[in-house]
Amino acid sequence: MFSGKIANRIRTSYRQQKKYNLKRRYQLRWMLINLNRIIMNKMFNNANGNYWNLIKIKVFVFITLFVLNPNYGNQNSDVTMVTSPILDVNEGIENNLLQQIINGIVTDEAGIPLSGANIVEKGTTNGVTADFDGNFSIDLSDGNATLVVSYIGYTTKEVAVSGQTTVNIALEESSTGLDEVVVVGYGTQKKINLTGSVSTVQTEELTETKAPNVTELLTGRAPGLFIKQNGGVPGSDVGELSIRGYDAPLVLVDGVEGSWNRMDPNEIESISVLKDAAAAIYGARAGNGVVLITTKRGKEGRTTITYSRNYSFQRAATVPEWVPSWKYTEIKREGELVSGLPFTYSEEDVQKFKAGNDPNYPNENWYEATLKKQSVMDSHTLSATGGTENVKYFLNAGYLNQNSLFRSDDLSFGRYNFRSNIDAQITDRINVTFNMAFRNEQTDEPQMWEIGVGERSNGIAQTWTQLQSALPTLPASLPDPTLGGAYSGFINRSPVANSTSKFTGFVSKNEKFFTSRINLSYKVPGLEGLVANATLNYNTQERFEKFQDKVFKVLSYNYDSGEYTEWTDNGTNTLIDETSRFTSIYPLLSLNYENTFNDHTVGALFLTEGIDTESSFLEAGRRDLISSELPYLFAGSTENLTNNGGAEETGRVSYVGRLNYSYLGKYLLEGTVRFDASHKFPSNSRWGTFPSVSAAWRISEEAFIKENATWIDNIKLRASFSETGNDTVDAFRYLAGYQILTNPTDVYLLGSNVYREIRTTGLPNRNITWLDNTSYNIGLDASFANGLFGFEFDWFYRVTDNIFAQPIDSYPSTFGAILPEVNLNSTEDRGFELSLNHKNKIGNDFRYNVTGSVSYARQKYRKWAESPYDDPDEIRIFKRTGNYTNRWIGYKADGLFMTQAEIDNHPVDQDQANNVTLRPGDIRYLDINGDNVIDFRDQDEIGYGTFPDLTYGLNMRFDYKGFSLSALFQGASLFNTYIGGSLARPLRNNSVPYEFQYKYRWQPDPQDPSVNINPNARLPVILGDDSGTSINNQKTSDFWLKDATYVRLKNLSIGYDFPQKLIGQIGLRGLRFNLTGSNLFTLSKLGIYKNTVDPESTGGQQFYPVLQTYSLGFDIIF
Amino acid sequence: MKNFLIFLLVILVGCSDYLDKEPLALISEDLVFEDPALTDAYLADIYNRVDFPGLRDNPENTNYAMIASMGGEGRSYGGHHPPYGNSTNVITSASGLPGLHYWNYENIRECNNFIEKIAESSLNPQVIEQRSAEVRFIRAYMYFQMVIRYGGVPIVTVVQPLDAPEEDIYIPRNSEKEVYDFIINELDAISQILPSQPLDRGRPSKMAALALNSTAALYAASIAQFGQQQLNGLLGFPSADVKYYAQLSYDASKEIIDSGLHSLYTKYPDPTENFQNLFLDESPDNSEVIMAEVYDYSKNRAHGYTMRAAPHDFSNTFSTMLALYDFTERFEFADGSPGTSISRQQIAAQEWSPDELWNNRDPRFKATIFYPESPWQGGHVHFHSGTLRNGEILTTGTAEDGWPYKASDRNTTRTGLMVRKRTNESIAPTPIFTDDTDHIIFRLGEIYLNLTEAAFYLGRDGEALTTLNLLRERAAMPPKAVIDMDIIQNERLVELSWEDHSYWDIRRWRIAKELLNGVRMQGLQYIFNYDTKKFKITFINGEGIARIFLDQNYYLPLGVERVAENPKLVENPGY
């Protein structure tokens, strides 16, 4: 009556598999026993106990054998095979051949197959999963059974079979997200069961952003996580990451610390941000929160191959606008007039520059001569995923090339990366996961370091320093460009030449990251729900750096005489090679238990781990290379050669326990405790205990809501308490001693003898220990009307004790010692996060989702060791205890003195010299204490720090048929940017003024420089003596401290998925196009500075800018 | 499977190793004082942290001009450089004074630690005595650097423990007199220990101790003579102390001169060449040098003096040390007539050749200052901002004889004069620090001037005059017939110019306010007349603003923060 054929097929494949499993199990067993024997022998024969290297090798042998195990190949031959029924079902089949077979397909509403969907016969353990195309086939014990069909992210559906043999099931996407599973510390949890504060970012969001690095990916994606971009230098465009305004959090990739920011976004499955007690399981490193990056794993089903390409144009988000040559000469004359100095340019010169028809009076734009309007970033990714019930794999290879705005093209970043994540079910009880990843990063820069005697400074910033002083009155190019760089007006600077490797030499940095991980989990027989896990992580990093500094000429050219003037040479003909390596071994053992007894669900975890790292470096340099074309050490002179090296070891051991309890999924309780020990601390204070407790009450599960208010999907109240730590302190501060100074120039000569120098490391602190964080968090999550509206709210309070600090303020400077870092100070943070979500579907095709979020956090000094201030002004200005940490102290400006009479009649002695040094156009300051003198006592709080207290974001996504549109806005408030350097002091150190400075300058009347003739004058008088503006105007004041509030369209993405029907005909399974833009526009409160200063860039506009990116990408799925 | 778990458990057992890490580069204190090589390495760091050349807060070496700028000899090129800022701005308690302040209690603690620890070590007793005396010299030198800035400062001679009672840690200032007495007493004691000739160049000898003693006592004598007591005696001396300190200074100077171990440098017959080489000659027979800090580029110890001082076109970088015309007026003409005998009006009124204005000066002028057409590295230094030829001022290109119509921008745009003293012509222009000329800390010329001044305070005018004329004779300048304070001051400022003395000298003589306050020092601009081969000179403001020197500036402020952190520290008056 039913198809015996299919039943036979299932049986056959099952037997094959069983036989195969058996064989493999024996192979493996043999292998392991032997491996173990070898290792044990070696260990006991090696009395020194230095068997680590041996273990490393053996583990690799093991891993290698394991990978080469020919399991996958055998099975894969049967690609047409319907996904194997799961084990329990097979048992059922063997026992009961009287069944009805139902075939069907599971899709989403749009008809896209849901591979991996679960189909279970209701009330039994009989179930199957759908294959890649959504097909399933299930033998039912009863023709009138009901199928329960579920898939993550979709609402579970029950379908009565009612005698049909074919059932097609369309699942609706779940709007509530209630069954979402999130990665938490050492495991996963259903979001609904979380008791802590966790934000997650999922893979689709990540890959649509098309960002070159992970921090950019994360920007604006998780409430409470703020990332401030600092500029877009290829290879080091890393933003500062902060959870709730804290210092840098711990970031783990698949559980391991390491270099993460530049990994391929296509490798990432999800990112979880653990904010409160959820982070506490990481103990001593978790004080600032934890970010967990999880890589993708294979999915059962037919092999899916995805090729993605993304091609981007990048431009500067803000381009500094310097004045043209005639305006420059005009301002220069004005400054010299005010300062009573001789004029560098005559009035006639100004006119010639303005006329612009004499080649000796050009108007040069050095920015454009040095930098392109846009650069290109290109990435390719090829990934494959698939597998059988027993072996699943995710393979990925990526390539990224990011060019820079440098016209020379000599600044660039390139990366290629490989990853193989394999999951293997070895027996019904043993599961193995195996990850191996390799990444190669290459950064090339023109040599822009100032190489002194053993010292280097500046780097890429040097180009901006040079642009700042490059006079528009001088041409940026020479008739013969091979001779050298064009002189830019300051000693021997030439930004064009300086950004070109041909002239300056190069810096080449190559970094290789290898990470590997094997995890073995074993379902312990005898106790249902108990799983033992053993993991070994092994990571290495190598870094090679080469600096070549060349000698090159800077020249200027005279168009009248046709002569070149040679300025003194740049560069030193030096070569430096550096190599460093880092290795870490990180084993981990755990027991995990989870079971449900009637209404009680219990979970427990016990875990122990250790981390051992070692690193070393070697550096060598030579001068006077025979030829600059031979950038190798052997080509250098044997005189003045330098070399250096060093090594470091670190270690950590931890024990971790966690208990979960849930009653009817209504009352949830979780407790964790971690014991951490670090090599950094003395044995008496080495161990720290870090407990946490968190609880949640799902109010919506209570009968009075569940029965009365069906429009409520979920209301959950959370509360947590945790103690975590932070050990970001130098190791061995508990020992007193002397250190050899390692810089080659740290020598002293007495007679003809060279003495190396040693210096005390300072007073020891024999009791130094962790920094403690105590956090409290209360949260409320809610979702209504099947996800139509929802919100998540968290309030938090954190106390940080034992902050390492030198008790410098409690000892006067005459004490004279490098004071020990003591666990001394205390701060407190408080704030909240709120995110509101609205999700809707109009008709069958239009869906949208809007999430808005706001985070606020501010930190206070709770207890700070400081001087015993007794003077009320000193208390007001200097005292920290009880005050916010990000107060900005300075003078309060009261506009400008417009006339000499105003100065003469000013009752306040502003310069402590009876105002004789003041002149019209200087800033007037408020005499806060009313003593008629401006001194340090007239300072007060004038603003916030540079990291925002308030951040907000708006995330929107619209889907219509195959189209999607998403937009991400991010903004921040309650922070300041200080307008400093040349932004405040035009002409300082040869600086070329900006257009805004020209427009708003104090403009002296040529007849009387004490009179201003610019009605727009808003900026202080410019001096011609190279200081830019007087010392009076350089006081830290709110004249220069600007509210940097901004809102920025961080990301806008338009995508189109070609319909299945269309592309199926050409053999594709998916095709998607994407058009993405980032940092497209910005609104800021920076006023006259907004076109020059990027609100996100801490250094104003003196460095490589934040970039605007336009990219076009496509994904092809085979 | 069981085996695999055992295998992993074994790994975990190994974890106990994880925590037993050794600091791979830490040397224990016991070892430092048992191994002479380590003791010397520690001592080397103590020497280095004295900062003899005065380059604190300034890795780029642009602070060389600091004391000269403060004293009105010159300025730094950059208006944003600390020497310019400190010398032209109003000094307040909050000024910070980068590169000028000196509050080196960190190194004083190291000195105290060294002295305490080496005394207990098992090293050779002679080594212990010698090294200990060297460190006491360094400590006295650092206290001298502090007392000349701030007046009385707290004297700390022990290593204060962390758990010392509060009254031992929050200590008040000693009086200026106490600090000078401490320095003088220390030097008296260690000059009995140190050898007459230094064990190595760079280490202090008995003569170096006497030299510092002579200078410190002279400072005390002059402050007693010209200053006032303030803050209940915290600052200043009773005027009765003049002769007491003058005698101490005189005795120390006399002992150096009479020892015969040092003599004035006279190796070169040409006085200009001789005066230049005095600062460059590192051979043992340059016995004018009493103490010098040693540099050697091939041993990775070099500085940027020549590179920072040398004029543009020759130097690779900043050409940062500019001389001001006002100070150069102190240099007499070769015939002994005052430097002002050609007045500024006269200078501005006609054209001048270098021979008429510069080459006929005190030979020390030519060795101290770069002026138009100074010879340098096989060429000539140009300062002119244009060339007048056929009635037209040319500023670009060169004449057929190679004359550049305009000098390099950097030489034309400031004061038109630069500092040549201590520059080394043999240093090739490279952008790295390769100058390894030794830095002279004390030389006999200074001791002659100390003796002159001390003798004058003691009423021994004749001896003062003779000693002064010995120095003038070496410089090939005609002798003075009479002596007075002005002559002593002028000779000292000229002979020791750009050697980090002027600011301290004009302060202790209490003439700084008169010389500096409200004064805007002048620079020169030149137009070269191609036909007459002479320069048309225009006076320009050499500084962007007028200088301010107020009464309180005879002492520097301790600073808001130091006073705030220790309520027992009293700020100097007027701040």
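That block above? That's the structure.
Let me sum up the structure you'll find in this document. (Residues numbered from 1 in each chain as written. Chains lettered and ligands numbered in written order. Predicted model: local features only at pLDDT ≥ 70, side-chain atom pairs only at ≥ 80, totals over all residues. Heavy atoms only, no water.)

## Structural notes on the overall build of chain B
Then comes step 1: A tally of helices and strands in chain B yields 24 helices and 14 strands.
Then comes step 2: Expressed as lengths along the three principal axes of its C-alpha atoms, the size of chain B is roughly 100 × 75 × 50 Å.
Then comes step 3: Looking at the 575 residues of chain B, the share that counts as buried comes to 66%.
Then comes step 4: Pairs at least 24 apart in sequence give 72% of the contacts found in chain B among residues at least 6 apart.
Then comes step 5: When the accessible surface of chain B is split by element, carbon and sulfur atoms take 51% of a total near 19100 Å².
Then comes step 6: Charged side chains of chain B number 51 positive and 78 negative; the gap between the two group centres comes to 4 Å. (Helix = DSSP H or I, 4+ residues; strand = E, 2+ residues; numbered from the N terminus. Buried < 20%, exposed > 50% of the residue type's maximum accessible area, 1.4 Å probe, protein only. Contact = heavy atoms within 4.5 Å. Areas by Shrake-Rupley, 256 points an atom, 1.4 Å probe, with all protein chains shown as cover. Lys, Arg positive; Asp, Glu negative; His and termini not counted. Charge placed at Lys NZ, Arg CZ, Asp CG, Glu CD.)

## Here we look at the nonpolar core
Then comes step 1: Grouped together as the largest cluster of nonpolar side chains are 163 residues, with contacts concentrated most on Y143(B), Y180(B) and I183(B).
Then comes step 2: Not counting residues up to four positions away in its chain, the partners in contact with Y143(B) are Y105(B), I108(B), V153(B), P154(B), I155(B), V156(B), V179(B), F182(B) and I183(B).
Then comes step 3: Counting residues in each nonpolar core, the second largest holds 65 residues, with I460(A), A497(A), I934(A) and Y994(A) among its members. (Core = buried A, V, L, I, M, F, W, Y, C linked by side-chain atoms within 4.5 Å.)

## So, the environment of W376(B)
Residue and element names in this part refer to chain B.
Then comes step 1: Mapping W376 onto the fold places it in strand β7 (residues 375-376).
Then comes step 2: Residue classification places W376 among the buried residues on the basis of a relative accessible area of 1%.
Then comes step 3: It is 39 Å that separates the C-alpha atoms of W376 and A41, two residues lying 335 residues apart in sequence.

## Considerations on the environment of D181(B)
Residue and element names in this part refer to chain B.
Then comes step 1: Mapping D181 onto the fold places it in helix α9 (residues 176-191).
Then comes step 2: Residue D181 is classed as partly exposed on the basis of its relative accessible area of 22%.
Then comes step 3: The sequence separation of D181 and R361 amounts to 180 residues, and the corresponding C-alpha distance is 41 Å.
Then comes step 4: A distance of 2.6 Å separates the side chain of D181 from the side chain of Y245, its partner in a polar contact. (Polar contact = N/O pair within 3.5 Å; in protein donor to acceptor, adjacent residues only side chain to side chain.)

## Thoughts on the pairing of strand β12 (residues 439-443) of chain B
All names here are of chain B.
Then comes step 1: Buried residues dominate β12, accounting for five of its five residues.
Then comes step 2: Note that strand β3 (residues 289-293) and β12 share four bridges and pair antiparallel. Within the sheet, the bridge partner assigned to A292 lies in β12 and is I440. (Pairing = 2+ DSSP bridges.)

## Quick word on the packing of helix α3 (residues 36-48) of chain B against helix α6 (residues 105-119) of chain B
All names here are of chain B.
Then comes step 1: Contact pair α3 / α6: the axes reach a minimum separation of 10 Å and the direction vectors enclose 155°. With respect to α6, the element α3 is oriented roughly antiparallel. Here α3 and α6 pass one another in a crossing that is left-handed. The residues of α6 that touch α3, namely those facing T39, Y42, L43 and I46, are N107, E110, C111, N113, F114 and I118.
Then comes step 2: In terms of residue class, the contact of α3 with α6 is built from six nonpolar, three polar and one charged. (Axes fitted to C-alpha atoms, helices over the stretch in contact; angles between N-to-C directions. Parallel < 35°, antiparallel > 145°, perpendicular 65-115°, else oblique. Left-handed = near helix turned anticlockwise from the far one by under 90°. Nonpolar A, V, L, I, M, F, W, Y, C, P; charged D, E, K, R; others polar.)

## Observations regarding unusual backbone geometry
All names here are of chain A.
Then comes step 1: Not every positive phi belongs to a glycine, and N598 is a case in point at roughly 50°.
Then comes step 2: With a phi close to 80°, D1026 is a non-glycine residue in the positive phi region.
Then comes step 3: Mapped onto the fold, D1026 is located in the loop between β51 (1008-1012) and β52 (1041-1043).
Then comes step 4: Classification of D1026 as buried rests on a relative accessible area of 7%.

## A few points about the sheet that holds strand β14 (residues 256-257) of chain A
All names here are of chain A.
Then comes step 1: If you trace the five strands from one edge of the open sheet to the other, you get β10-β15-β16-β13-β14, paired in mixed fashion. Every interior strand has two partners, whereas the edge strands, β10 (198-202) and β14, have only one.
Then comes step 2: Where strand β13 (residues 250-253) and β14 come together, two bridges link them in antiparallel fashion. Residue L252 lies in a different strand from β14, and its bridge partner there is E257.

## So, the interface of chain B and chain A
Then comes step 1: Each partner contributes residues to the interface: chain B has 107 residues there, and chain A has 121 residues.
Then comes step 2: Connecting chain B to chain A are two salt bridges.
Then comes step 3: Note that D1026(A) and R414(B) form a salt bridge whose closest N and O atoms lie 3.9 Å from each other.
Then comes step 4: For the pair chain B and chain A, the interface holds 24 residue pairs in polar contact (both at pLDDT 80 or more).
Then comes step 5: When residues of the side of chain B that touches chain A are traced back to their parent elements, those giving at least two are α1 (2-13), β1 (26-27), α2 (29-32), α3, α6, α18 (409-412), β14 (534-541) and α24 (560-565) of chain B.
Then comes step 6: For the side of chain B that touches chain A, the residue count by class is 53 nonpolar, 26 polar and 28 charged.
Then comes step 7: With two bridges connecting them, strand β35 (residues 738-740) of chain A and β1(B) associate as antiparallel partners. (Salt bridge = Lys/Arg side-chain N within 4 Å of Asp/Glu carboxyl O.)

## Quick notes on the sheet that holds strand β7 (residues 166-171) of chain A
Sheet strands pair via backbone hydrogen bonds, and the direction of the pair is either parallel or antiparallel.
Residue and element names in this part refer to chain A.
Then comes step 1: Strands sit in the order β4-β1-β7 across an open sheet of three strands; the sheet is mixed. For this open sheet the edge positions go to β4 (135-140) and β7, each flanked by a neighbour on one side alone. Shown here is a sheet whose adjacent strand axes are inclined to one another by a mean of 30°, direction ignored.
Then comes step 2: Bridge analysis of strand β1 (residues 100-108) against β7 gives six bridges, and the strand direction is parallel. Across the sheet, V106 pairs through a bridge with I169, a residue of β7.

## Quick notes on the packing of aromatic side chains
Then comes step 1: The full count for this structure, using the stated rule, is 81 aromatic pairs over all chains.
Then comes step 2: For the pair F1058(A) and F1073(A), a centre-to-centre distance of 5.7 Å together with 70° between the ring planes defines the contact as edge-to-face. Here F1073(A) lies in strand β54 (residues 1070-1078) and F1058(A) lies in the loop between β53 (1046-1057) and α17 (1060-1064), a separation of 15 residues in the sequence.
Then comes step 3: According to the relative accessible area criterion, F1073(A) is partly exposed, its value standing at 35%.
Then comes step 4: Put simply, the rings of Y307(A), F963(A), Y1056(A), F1058(A), F1073(A) and F1114(A) touch in pairs and so form one group of aromatic residues.
Then comes step 5: The ring of F490(A) carries the charged tip of R493(A) above its face, separated from the ring centre by 3.9 Å.
Then comes step 6: Across from the ring centre of Y250(B), 4.3 Å away, lies the NZ or CZ of R460(B), which sits over that ring. (Phe/Tyr/Trp six-rings, centres within 6.5 Å; stacked < 30°, edge-to-face > 60°. Lys NZ or Arg CZ within 6 Å of the ring centre and 35° of its normal.)

## Thoughts on the pairing of strand β9 (residues 187-190) of chain A
All names here are of chain A.
Then comes step 1: As paired elements, strand β8 (residues 181-184) and β9 share four bridges and run antiparallel to each other. The partner of V183 across the bridge, within β9, is T188.
Then comes step 2: If you look at the hairpin formed by β8 and β9, you'll find two residues sitting between the two strands, and Y186 has a positive phi there, around 50°.

## A short note on the pattern of salt bridges
Then comes step 1: Inspection of every chain in the model, using the stated rule, returns 91 salt bridges over all chains.
Then comes step 2: R858(A) is paired through a salt bridge with D949(A); the nearest N and O atoms lie 3.0 Å apart. Here the residue R858(A) occupies a position in strand β42 (residues 846-863), and D949(A) occupies one in the loop between β46 (940-943) and β47 (950-960), the gap between them amounting to 91 residues.
Then comes step 3: Classification of D949(A) by relative accessible area gives buried; the value is 7%.
Then comes step 4: Across the pair E356(B) and K534(B) runs a salt bridge whose closest N-O atoms are separated by 2.9 Å. Of the two residues, E356(B) sits in helix α16 (residues 354-357) while K534(B) sits in strand β14, which places them 178 residues apart along the sequence.
Then comes step 5: Classification of K534(B) as partly exposed rests on a relative accessible area of 23%.
Then comes step 6: One connected set of salt bridges, linked through shared partners, spans E288(B), E332(B), D362(B), R364(B), K421(B), R443(B), R472(B), R474(B), K480(B), E491(B), E495(B) and E499(B).

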